[in-house]
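Listed here are the chains, written in short residue letters.
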Amino acid sequence: MLSLLIWLPILGGILVLAAGERSQGTTARWLALGTGGVVFLLSSALYFGFEIGTPAMQFVERLAWIPAFEVYYHLGVDGISMPLILLTTFATVLVIIAGWEVIQYKQTQYLAAFLIMEGLMVGVFSALDAILFYVFWEAMLVPMFLIIGIWGGPNRIYATIKFFLYTFMGSVLMLVALIYLRYQTDSFGILDFHGTALALSQQVLIFLAFLVAFAVKVPMWPVHTWLPDAHVEAPTGGSVILAAIMLKIGAYGFLRFSLPITPAASMELAWLLIALSLIAVVYIGLVAIVQEDMKKLIAYSSVAHMGFVTLGFFAIFDIFAHTGGVEGSGGAVMALEGGVVQMISHGFVSGALFLCVGVLYDRVHSRLIKDYGGVANRMPIFAAFFVLFAMANVGLPGTSGFVGEFMVILASFQANFWYAALAALTLILGAAYTLWLIKRVVYGEVANAQVAALTDLNAREFIVLGVLAGAVLLLGIWPAPLIEVMEPSLQHLLQQVTATP
Amino acid sequence: MEIVYLAITLAPLIGAATVGLFGRRLGRQRSHRVTIAAVSLSCLLSLFVLSRFAWGELEPYNETVYTWAVAGGLHMEIGFLIDPLSALMMAVVTFVSLMVHIYTIGYMHDDAGYQRFFSYINLFTFAMLMLVMANNFLQLFFGWEAVGLVSYLLIGFWFTRESAVFASLKAFLVNRIGDIGFLLGIALLLAYFGSLDYQQVFAAAQAQPAQMITVLPGLNWSVITFACILLFVGAMGKSAQIPLHVWLPDSMEGPTPISALIHAATMVTAGIFMVARMSPLFELSDTALSVVLIFGALTAFLMGLVGLVQNDIKRVIAYSTLSQLGYMFVALGASAYAVGIFHLMTHAFFKALLFLAAGAVIVALHHEQDMRKMGNLRRYLPITHLTMLMGTLALVAAPLFSGYYSKDLIIEAVHEAHRGGATLAYWLVLLSVYVTALYSFRLYFLVFWGKERIDPHAKEHMAHLPRYVLRAMEWPLILLAIPSVVIGYLTVEPLVFGDFFGQALFVAEPHDVLHEMGRSFHGSWSFALHAVAGPALYLALAGFLSAWFFYMVRPGLLPSIRDRFATLYTILARKYGFDELYIDGIAASSRSVARLLWQVGDARLIDGMMVNGTARTIGRFAAMIRGLQTGYLYHYAFVMILGLLVLLTWFIGDWRGWFV
């Protein structure tokens, strides 16, 4: 099943490339959409076939791959990775539709790149073997590198190199850590790494090696500066995948590697991660206010929102300390769940916001806020969507953006009043940068001739944004099904974190 | 009853969704029919529920509707708590909302956003009902934010107007400051009492009222006091108390029907409702109640003064609203929760009436809001004039009118209270009676009496106003004028001195000022006669006479008075400088800091030094190394020979001996 989800899109991508060779355009597009759609439908089977109430890995596949080094082709999902896989397949379909007639230059290659990347990202989330994980992790960079480098904006070369080197720098250290763990455990199985007895000094080194890799991906302050550049230069679809999925991989790494493999070091260094998270919320929130480029603004907003994810993950230790151990510390579970819900929600919301900017960019060919004003006069339906997603970004109850932030703030209060107080500043900062953007772009008199010439959403754009709006509202009004799925896995993770002395 | 409660909330939501999504296809008439039908249903059912509570036929209802999420054993739910307090709020909200819906047909008759407006006010009704019907903090917060959202959308309803869009953003941001307090308050209660459910939190708080929280090392605060103050910060945002009041006057940029509904009668009273709902918590903390008392009294007095110097008819009423909200908080701070809610109710009727009457004037004069361009309108708008007079009399607490009962009780309650700040609060609310009468009658005389100063175009417009427009606006005025006059007389006994609220409001024995006052209460009629014995009536009369003298008898005196008290006038006209402080001070400096962080922190330090700096350093290092690779064979040969020599010396040569 998981193999199908990995290899079907990759195969589809290759077919799209082949089809594109012969007939330009339509065949390739429909083939790409078909592949994406089938993969999404198949992935929904993961949800419906998922056994709730157990932290065990499900849909497991295990084959020998490189027996000499005991490397296995080992796949499986639990309540943490399964929703992320669904998010991946969902976002890819939307991106394919969003690029339908907008991308003119080498469209087949563009679609193929997304399909191949989809497979690789599913691979990252489902790999249970460290080497397999590493291969997917690195391979995933290549299509994204190409997407930004080929279909990106004028400054794309700088952005791609920055993106690549930044993320590559981190992954090399991660590889070292993985190999070291191989010698400690005689296995490359990620689950075998969990609960390995390691001295604190060993743990700290491993933790730091992972930290560099994951912090860059999340991204955490101060290694975030590649993200605004990458987003600004990336085509809309690239931005959507980058924001919706790629950033989640770093946070996923914390859950799959850092916390369970090096719990003592995580506890030791939690203060650092919390500090960086809070800096992300406050500092980056402020920086977002003064951005002049819409995509940069949303990129900075992403960094601030991801700060909640890492805050939730690393506040658990202080919550233990305050509530007296794992027993009765529902707060710690809530912190983790808040973080994961925030990941999913941010996938929807930031993806939707980038699509909104894309809708405007396709018409006016500018991302600068000052080139807009009074868009609502010409595009009332679009304006309604944009305001809805803005409100989700602001974290209004009833939208998905609220759920994670609410849970993380409630839980982090149990760790320390000041964590919650600083994190709660996002209520103002988030509203300030998002709604000020809305004020300048959507409201007001028609600003110029280009805005006056705008036409409202076409059916294709309407479907994409409508589906996302539905997802954002559904998750906001009833998050229980999502949380229910992840709870056993996160409970289990907490036990792992506290079990080792 | 569950189906009734669900119908009450869902009807307006369905109405809002229908008109919001298909409004254009439905057309104007069907749109307003759908939304009005929805809100009528809610209103009728709410009145039904209220009457059953009034006759004592209904037990409080406290049930979960659905489980929103379960996280780490914590059940977060959507559920209803329907007791006399929420039933009263539901009735007030839906009744005023229905009046405003009907009125809107007239007020917005020539507006392009007709359907959008109806959809929004239906949505607002839903959100407000969710807020007052909540049985837990999650849903309370949902309603709290949702009414804020609709308020934002409606203040900025005319989105091409710069000032309206600015006001909407300002309202949202200022409210969010309060929301931080509110959210942290909820988090604090959860952290120490382990639940989001009202009843569970109240029970746990009663059981352990003495817990302390360490805010800073060595600084310990009482959990209950801290939580109550944080919650009150939220109330200060939503109910516009000093210093978070700045958004309410600007919210007048929105269409007048929503000024009446949201920014006078319902949403802004959410803070009062919330504090009353939390009475079991606030009763545990005298400090928190003192804070409520003092902020309320300051707002009541200081904002009333600002109302004296406004020329925009809606802004006068807006400042009056601020002042009256202050009164309500004073009542809460004096532990007279029932009186606070009572004033909330009477105020909802007469203030909605005043706003809608002002709106009728504004529409008649083709969107003219400056009172200096009105005058003598009683001849053209007789019904508006009469109803507005009723509203004004209620506002200034003329005996027998509804406002008299509620306001006089507040003054008495704070007089009876023995709480820190009570004396100060007493004098402030007493003086405010004079101020209230002065600005209210100033408005009344300027608009309806005196010389006609109307713009000829406006007069022309007034003559050609369609009949149905005036009808649609006058019926709600009449229907609101009736309770504005009589509701106090009829309900003061059961609501304040009777047992209507039962367990819904909690007052600790030693704080129970109403019990004391109840001894000298002998029916509504004698209470009204009793007015001659207190100072408030004479202060109100003095206010009326001052207004009459300055605006009717000797209007020429005003400029010289203004010149004599120029400093005071400037302070009031500048509204104490809060806006300047926030906009030019805090907001501007935050933007500067943000720019600094971006351009110096991100661009120069992180990118310039660390990222590109690393790249440059590696580049330079590489350039140096590159210098070695010259490509000339004899260079390489030379280096090889050199290396060979060194190696030979190392291994073969007995160089150690050289040093010995």
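Criteria and thresholds
- Residues numbered from 1 in each chain as written.
- Chains lettered and ligands numbered in written order.
- Predicted model: local features only at pLDDT ≥ 70, side-chain atom pairs only at ≥ 80, totals over all residues.
- Heavy atoms only, no water.
- Helix = DSSP H or I, 4+ residues; strand = E, 2+ residues; numbered from the N terminus.
- Buried < 20%, exposed > 50% of the residue type's maximum accessible area, 1.4 Å probe, protein only.
- Contact = heavy atoms within 4.5 Å.
- Rg over C-alpha atoms; globule rule 2.2 N^0.38 Å.
- Areas by Shrake-Rupley, 256 points an atom, 1.4 Å probe, with all protein chains shown as cover.
- Lys, Arg positive; Asp, Glu negative; His and termini not counted.
- Charge placed at Lys NZ, Arg CZ, Asp CG, Glu CD.
- Pairing = 2+ DSSP bridges.
- UniProt positions renumbered as here; feature names shortened; annotations may be inferred.
- 1 Å grid on protein atoms, 1.4 Å probe; cavity = no way out; pocket = protein on both sides within 12 Å on 5 of 7 lines; lining within 4 Å.
- Points joined across faces, edges and corners; volume = space filled by probe spheres on them.
- Nonpolar A, V, L, I, M, F, W, Y, C, P; charged D, E, K, R; others polar.
- Polar contact = N/O pair within 3.5 Å; in protein donor to acceptor, adjacent residues only side chain to side chain.
- Expected span 1.5 Å × (residues − 1).
- Salt bridge = Lys/Arg side-chain N within 4 Å of Asp/Glu carboxyl O.
- Axes fitted to C-alpha atoms, helices over the stretch in contact; angles between N-to-C directions.
- Parallel < 35°, antiparallel > 145°, perpendicular 65-115°, else oblique.
- Left-handed = near helix turned anticlockwise from the far one by under 90°.
- Domains from an automatic or database assignment.
- Patch = residues over 30% accessible without salt bridge, like charges linked within 9 Å, V, L, I, M, F, W, Y side chains within 5 Å.
- pLDDT = per-residue confidence, 0-100.
- Phe/Tyr/Trp six-rings, centres within 6.5 Å; stacked < 30°, edge-to-face > 60°.
- Lys NZ or Arg CZ within 6 Å of the ring centre and 35° of its normal.

**Comments concerning the overall build of chain B**
Helix and strand counts for chain B stand at 27 helices and four strands. Oriented by its inertia axes, the alpha-carbon framework of chain B measures out at about 125 × 65 × 60 Å. Residue burial in chain B is summarised as follows: out of 660 residues, 58% are buried. Taking the intrachain contacts of chain B between residues at least 6 apart in sequence as the baseline, contacts between residues at least 24 apart amount to 80%.

**Some points on the overall build of chain A**
A count of helices and strands for chain A gives 23 helices and two strands. Taking 2.2 N^0.38 as the reference for a compact globule, 501 residues should give roughly 23 Å; the C-alpha atoms of chain A span a radius of gyration of 22 Å, in line with that estimate. The C-alpha extent of chain A, read off along each of the three principal axes, is 65 × 55 × 40 Å. Within chain A, the fraction of its 501 residues that count as buried is 68%. Put simply, chain A shows about 15,200 Å² of open surface, and 68% of that area lies on carbon and sulfur atoms. Across chain A, the centroid of the 19 positively charged side chains sits 13 Å from that of the 27 negatively charged ones.

**Some remarks on the pairing of strand S3 (residues 212-216) of chain B**
Residues and elements named next belong to chain B. Sheet topology note: the S3/strand S4 (residues 219-222) ladder contains four bridges and is antiparallel. The residue bridging leucine 216 from the neighbouring strand is leucine 219, located in S4. In this antiparallel pair of consecutive strands, S3 and S4, the connection spans two residues, and glycine 218 shows a positive phi of 90 degrees.

**Examining the UniProt feature "domain: NADH-Ubiquinone oxidoreductase (complex I) chain 5 N-terminal" (unreviewed entry) in chain B**
This chain's UniProt record puts "domain: NADH-Ubiquinone oxidoreductase (complex I) chain 5 N-terminal" (unreviewed entry) on residues 68-118 of chain B. Within the segment residues 68-118 of chain B, helix and strand shares are 57% and 25% respectively, and the terminal C-alpha atoms sit 29 Å apart.

**A word on empty space enclosed by the protein**
All names here are of chain B. Using the criterion set out here, one finds seven cavities of 30 Å³ or more in the structure. For the largest cavity, the calculated volume is near 90 Å³. Lining the largest cavity are 14 residues; nearest its centre among them are Gly148, Leu149, Phe172, Asn175 and Lys238. Mapped by element, the contributors of at least two residues to the lining of the largest cavity are helix H4 (137-155) and helix H5 (162-193). The element that contributes the greatest number of residues to the lining of the largest cavity is H5, accounting for six residues.

**Some thoughts on the layout of surface pockets**
All names here are of chain B. Put simply, the second largest pocket is a space of about 960 Å³. Taken together, 28 residues form the lining of the second largest pocket, with Leu308, Arg442, Tyr551, Leu558 and Arg562 sitting closest to its centre. Of all elements in the fold, only helix H17 (422-448), helix H22 (535-553), helix H23 (558-564) and helix H24 (566-573) reach the threshold of two or more residues within the lining of the second largest pocket. Top element by residues in the lining of the second largest pocket is H17. It accounts for six residues. Classifying every residue of the lining of the second largest pocket gives 20 nonpolar, three polar and five charged.

**So, the side chain of B:Asn135**
Residue and element names in this part refer to chain B. Mapped onto the fold, asparagine 135 is located in the loop between helix H3 (114-133) and H4. Here asparagine 136 takes part through its side chain, which lies 2.8 Å from a polar atom of the side chain of asparagine 135. Excluding residues within four positions of it along the chain, asparagine 135 makes contact with Asn62, Glu63, Gly79, Phe80, Leu81, Asp197 and Tyr198.

**Re helix H7 (residues 223-238) of chain B**
Residues and elements named next belong to chain B. Counted at 1.5 Å a residue, the expected span for H7 with its 16 residues is 22 Å, and the 23 Å between its end C-alpha atoms agrees. Buried residues dominate H7, accounting for 14 of its 16 residues. Backbone geometry just downstream of H7 places alanine 240 in the positive-phi region, at approximately 55 degrees.

**A short note on the pattern of salt bridges**
All names here are of chain B. Under the counting rule described, the total for this entry stands at 20 salt bridges over all chains. Glutamate 253 serves as the salt-bridge partner of arginine 161, at 3.5 Å between the closest nitrogen and oxygen. Highlighted residues: arginine 161 in the loop between H4 and H5 and glutamate 253 in the loop between helix H8 (247-250) and helix H9 (256-265), separated in sequence by 92 residues. Classification of glutamate 253 as buried rests on a relative accessible area of 17%. Across the salt bridge formed by lysine 170 and aspartate 250, the nearest N and O atoms sit 2.8 Å from each other. One end of the pair, lysine 170, is in helix H5; the other, aspartate 250, is in helix H8, with 80 residues separating them in the sequence. On the accessibility criterion, lysine 170 (10% relative accessible area) is buried. Taken together, the salt bridges that share partners define one network made up of Lys170, Asp250, Arg315, Lys575 and Asp579.

**Focus on the interface of chain A and chain B**
Taken together, the contact between chain A and chain B spans 62 residues of the former and 55 residues of the latter. Across the contact surface, chain A and chain B share one salt bridge. Applying the counting rule to chain A against chain B returns twelve residue pairs in polar contact (both at pLDDT 80 or more). Looking at the side of chain A that touches chain B, its residues break down into 45 nonpolar, ten polar and seven charged.

**Topic: the environment of B:Ala265**
Residue and element names in this part refer to chain B. Locating alanine 265 in the fold gives a position in helix H9. The exposure class of alanine 265 is buried, given its relative accessible area of 1%. For alanine 265 and lysine 351, which are 86 residues apart along the polypeptide, the C-alpha to C-alpha distance reads 6.6 Å. In contact with alanine 265, other than residues within four places in its own chain, are Val96, Ala260, Ala348 and Ala352.

**Quick word on the packing of H7(B) against helix H12 (residues 286-307) of chain B**
Residues and elements named next belong to chain B. Where H7 meets H12, the axes come as close as 8 Å, and the angle between the chain directions of the two elements is 25 degrees. Relative to H12, the element H7 is oriented roughly parallel. For the pair H7 and H12, the crossing hand works out as right-handed. When H7 is examined against H12, the residues Thr225, Cys228, Ile229, Phe232 and Met236 are found in contact with a partner set consisting of Thr287, Ala288, Val291, Val292 and Phe295.

**Some details on the domain arrangement of chain B**
Each domain of chain B was delimited in the assignment, giving domain 1 (1-553) and domain 2 (579-650). The C-alpha-based centres of domain 1 of chain B and domain 2 of chain B are spaced at 62 Å.

**Some remarks on a nonpolar patch on the surface**
Residue and element names in this part refer to chain B. Residues Leu400, Trp475, Leu479, Ile482, Val486, Tyr489, Leu490, Trp525 and Leu529 make up a contiguous nonpolar surface patch of roughly 870 Å² in combined accessible area. When contributions to the nonpolar patch are tallied by element, the ones reaching two or more residues are helix H19 (467-497) and helix H21 (524-529). With six residues, H19 is the single largest residue contributor to the nonpolar patch. The topology assignment puts tryptophan 525 in helix H21.

**Brief notes about the confidence of the model for chain A**
Low pLDDT means the predicted coordinates in that region are not meant to be read closely. On average, residues of chain A carry a pLDDT of 88, and 97% of them reach 70 or more. Taken element by element, chain A is modelled with least confidence in helix H14 (residues 316-323) of chain A, mean pLDDT 81, and with most confidence in helix H17 (residues 380-394) of chain A, mean pLDDT 94.

**Examining the packing of aromatic side chains**
For the coordinates displayed, the defined rule picks out 67 aromatic pairs over all chains. With centroids separated by 5.9 Å and ring planes inclined at 55 degrees, the aromatic side chains of A:Phe402 and B:Trp68 adopt a geometry described as tilted. With one member in each of two chains, A:Phe402 in helix H18 (residues 400-415) and B:Trp68 in strand S1 (residues 61-71) form a pair that bridges those chains. The exposure class of A:Phe402 is buried, given its relative accessible area of 4%. The buried category is assigned to B:Trp68, whose relative accessible area is 4%. Note that A:Arg29 overlies the ring of A:Trp100, its terminal NZ or CZ placed 5.2 Å from the centroid. Directly above the aromatic system of A:Tyr72 lies the positively charged group of A:Arg62, at a separation of 3.9 Å from the ring centroid.

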